[in-house]
Amino acid sequence: MPDHSIRTRSGTSAPLGDEAIERLASRMRGSVLTPDSPGYDEARAIWNAMIDRRPGLIARCRGAADVMQAVRFAREHEALVAVRGGGHNIAGSAVCDGGLMIDLTPMQSVLVDPETRTARVEPGCTLSDLDHEAQAFGLATPVGINSTTGIAGLTLGGGFGWLSRKHGMTIDNLLSADVVTAEGEFVRASDTENFDLFWAIRGGGGNFGVVTSFEFRLHPVGPQVLAGLVVHPMEDAADVLRFYRAFTATLSNDTAVWAVLRKAPPLPFLPAHWHGREVLVLAAFHAGDVEEGERVLRPLRAYGDPIADVVMPQSYAAWQKTFDPLLAPGARNYWKSHDFSELPDELLDTLVAYALRLPSDHTEIFIGQTGGAMRDVAPHATAYPHRRTEFVMNVHTRWEEPAEDDRCIAWAREFFAATAPFAAGTVYVNFLTEDEAARVPAAYGANHERLGRLKHRYDPDNLFRGNQNILPLAAV
């Protein structure tokens, strides 16, 4: 069998003999895949089908010891490195061409302690894995809105979702993390151990090491919550969005309502003649008492002339999976995102105008209501700084055929530019695509310089560059 090669961090291709590969494999409990290994194509496939990269080597890790060996191998061979958790990130940074992919998906343990209300979660887990175990005890922590998202990437970028107005961001509930550094050493990061590293990984992405275990604080949630969708025709959207703006300003931290503009999917509760037509969907969630939630959401449900109202008591775990079918793997995806402190009339009119000419049946514009307990943490307390954001807009441009790429991407960029005058100028790092490296400073604001100095301290050679990269900044 011929020798293989590995792409280096300098961009060259270096020969890699079978002996070196076998030596790495012998030191791991997991497996090592080359491009001719069974399972290679499955291992390199990620959520966004636009990303089609072929690593020179895949180290499928089953524990922290395997990760340490993989990182040391990468250093020894100066290999280009990508780290895969859930593989859900829009930029596709979980996989690289020619280099070493450190694959954490075999690490899927979740250990819940109902007495201390904590969970220890490995980086190959999805949000669904954590919800399944924690909800057995009526517990949860704030995570995202698509249950197939990987817990690692979500957390390292900040993490927010339905529970964030009540209990803060995912990183606000991170108690500690086990990290393999760029030297291949194992350390623990927390408020009392390696605090600078703990600060950096709470929003700084995968720039500072490979997290092999997360410890989260859990909260009593559900298992029954009041949640669901209220669907309006697009012709009423401008008026309904103005009501939405006023209504959300009155809500306590127990309640969050998000708005989604898209073409109606063929959902069973929607009349068939609405399938494929433009609609405004209000997604409502109440984390507290169900009867109180009924009272709080009554004005929202009574407003206008909705096509459907399916707000009801349901399990929290089921609600977390509501949007999974609309974000299944295998489609081509391109996102654009803005943060907003308010929703002026002209912005709302712009949203509706672009929603009336969506480039595909699968594209959607969502406005996520944030604020609440997210504001209780100071901007400098974690690497994620944008604590005053009230709404986050993400444009999920999504289609199936490569021939549609140019048209769909052009629409997203045009819409992004049209809404920019109303935006705060900041952005959530997990929503950045691979062509938005110039926006990384906007993701961190005043914290960017400190992150650069910590990058120089923990990863001066920028081994972990397969991400929205923070460049090492030497002290002066």
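The residue numbers shown here count from 1 along each chain, following its written sequence. Residue-level local features of this predicted model are given only where pLDDT is at least 70; pairs of side-chain atoms are given and counted only at 80 or more, and the full residue set underlies all totals for whole chains, interfaces and linings. Based on all heavy atoms of the structure, the side-chain values leave hydrogens and waters out of the count.

Student: I would appreciate a short explanation of the overall build of the protein chain in the present structure.
Tutor: For the protein chain, the helix and strand inventory stands at 14 helices and 21 strands. Using C-alpha atoms as the atom set, the radius of gyration is obtained and then compared with a globule rule of 2.2 Å times the number of residues to the power 0.38. Over its C-alpha atoms the protein chain spans a radius of gyration of 22 Å, differing by no more than 12% from the 23 Å that the globule rule assigns to 476 residues. Viewed in the frame of its principal axes, the protein chain has a C-alpha envelope of about 70 × 55 × 45 Å. Of all 476 residues assigned to the protein chain, the portion counted as buried reaches 59%. Summarising the internal contacts of the protein chain: among those between residues at least 6 apart in sequence, 72% fall at separations of at least 24. With residues, only the protein chains shown are counted as cover, and all accessible areas are computed by Shrake-Rupley using a 1.4 Å probe. When the accessible surface of the protein chain is split by element, carbon and sulfur atoms take 51% of a total near 18,000 Å². Only four residue types enter the tally: Lys and Arg on the positive side, Asp and Glu on the negative side; His and the chain ends are excluded. Each charge is placed at NZ for Lys, CZ for Arg, CG for Asp and CD for Glu. Averaging the coordinates of the 44 positive side-chain charges in the protein chain and doing the same for the 60 negative ones gives two points 3 Å apart. Put simply, DSSP H or I for four residues or longer makes a helix, DSSP E for two residues or longer makes a strand, and each gets a number counted from the N terminus. Only protein chains enter the accessibility calculation, which uses a 1.4 Å probe; a residue is then buried when its area is under 20% of its type maximum, exposed when over 50%, and partly exposed in between. Contacts are residue-level and defined by heavy atoms, with any inter-residue pair within 4.5 Å sufficient.

Student: Help me understand the pattern of salt bridges, please; the structure alone is not making it clear to me.
Tutor: Working definition: two side chains of opposite charge can pair if their charged atoms are close together. By convention in these notes, a salt bridge is any Lys or Arg side-chain nitrogen within 4 Å of a carboxyl oxygen on Asp or Glu. Counted by the stated rule, this structure contains 34 salt bridges. Across the pair Arg54 and Asp41 runs a salt bridge, and its minimum N-O distance is 3.6 Å. Placement of Arg54 in the loop between α2 (40-44) and β4 (57-60) and of Asp41 in helix α2 is noted, with a sequence separation of 13 residues between them. Assessed through its relative accessible area of 42%, Asp41 is described here as partly exposed. The residue Asp178 makes a salt bridge to Arg188 at a minimum N-O spacing of 2.7 Å. In this pair, Asp178 is assigned in strand β10 (residues 174-180) and Arg188 in strand β11 (residues 186-190), connecting sequence segments 10 residues apart.

Student: Please explain the pairing of β11 as it appears in this structure.
Tutor: Across a regular strand the side chains alternate sides, sitting on one face of the sheet and then on the other. The sheet contact formed by β10 and β11 spans 5 bridges and is antiparallel. What sits directly across from Val180, in β11, is Phe186. Joining the antiparallel neighbours β10 and β11 is a turn of 5 residues, in which Gly184 adopts a positive phi near 80°. Think of it this way: DSSP has to see at least two bridges between two strands before they count as a pair.

Student: How should the packing of aromatic side chains be read in this particular structure?
Tutor: Geometry of an aromatic ring pair is reported as the spacing of the ring centres plus the angle between the planes. Ring pairs shown here join Phe, Tyr and Trp side chains whose ring centres sit within 6.5 Å, with only the six-membered ring taken for Trp; geometry is labelled stacked below 30 degrees between planes, edge-to-face above 60, and tilted in between. Considering all chains together, one arrives at 22 aromatic pairs under this definition. Pairing Phe243 with Phe247 gives two aromatic rings, centres 5.8 Å apart and planes at 20°, and the pair type is stacked. On the criterion of helical spacing, the pair formed by Phe243 and Phe247 is a turn pair, its members being 4 residues apart in helix α8 (residues 237-248). For the pair Phe243 and Phe247, a shared accessibility class is recorded, and that class is buried. Residues Phe366 and Phe431 carry aromatic rings whose centres are separated by 6.1 Å and whose planes lie at 85° to one another, so their mutual orientation is edge-to-face. Placement of the pair is Phe366 in strand β20 (residues 364-369) and Phe431 in the loop between α12 (405-419) and α13 (440-444), with a sequence separation of 65 residues. Over the face of the ring belonging to Trp274 we find Arg277, whose NZ or CZ atom lies 3.7 Å from the ring centre. Cation placement over rings: the criterion is NZ of Lys or CZ of Arg within 6 Å of the ring centroid and within 35° of the ring normal. Against the face of Trp199 rests Arg450, its NZ or CZ located 3.8 Å from the ring centre.

Student: Any chance you could explain the sheet that holds strand β7 (residues 110-113) here in plain terms?
Tutor: With antiparallel pairing, the 5 strands of this open sheet are ordered in space as β7-β8-β12-β10-β11. The two strands at the open ends of the sheet, each matched to only one other strand, are β7 and β11. Within the sheet, the average angular offset between the axes of one strand and its neighbour, ignoring direction, is 15°. Note: β10 against strand β12 (residues 210-217), 6 bridges, orientation antiparallel. Paired with Ala177 across the strands is Phe214, a residue of β12. Across the sheet, helix α4 (residues 127-135) lies against β7, β8 (118-121) and β12, angled at about 30° from β7, the strand it touches most. Between the N-to-C directions of two axes lies an angle of 0 to 180 degrees, each axis being a line fitted to C-alpha atoms and, for a helix, fitted only over the stretch in contact.

Student: How should I be thinking about the nonpolar core in this particular structure?
Tutor: Nonpolar side chains in soluble globular proteins generally cluster together in the buried interior. Leu130, Ile151, Trp162, Ile201 and Phe285 are the most contacted members of the largest nonpolar core, which has 78 residues in total. By residue number, the principal contributor to this core is helix α7 (residues 195-201), which donates 5 residues. In this structure, Leu130 is in contact with Val110, Ala119, Val121, Thr141, Val143, Ile151 and Phe216, ignoring residues within four places of it in sequence. Buried residues of nine kinds, namely Ala, Val, Leu, Ile, Met, Phe, Trp, Tyr and Cys, make up a nonpolar core once their side-chain atoms join them within 4.5 Å. With 42 residues, the next largest nonpolar core counts Leu261, Leu343, Ile367 and Phe422 among its residues.

Student: Looking at this model, I keep getting lost on the state of the cysteines. Mind explaining?
Tutor: Note: disulfide means a covalent bond formed between the sulfur atoms of two cysteine side chains. Cysteine sulfurs are considered disulfide-paired once they come within 2.5 Å of each other. Going through the model one piece at a time under the given rule, you end up with 0 disulfides. Counting only cysteine sulfurs, Cys61 is the nearest neighbor of Cys125, a cysteine outside any disulfide, at a range of 15 Å.

Student: I'm lost on the pairing of strand β15 (residues 255-263) in this one. Help?
Tutor: Most of β15 is tucked away, with 9 of its 9 residues classed as buried. For β15 and strand β16 (residues 278-286), the ladder comprises 9 bridges, and the chain directions are antiparallel. Residue pairing in the sheet places Ala256 in a bridge with Phe285 of β16. Where β15 lies against β20, 4 bridges are found, and the strand directions are antiparallel. Across the sheet, the residue bridging to Arg262 is Glu364, located in β20.

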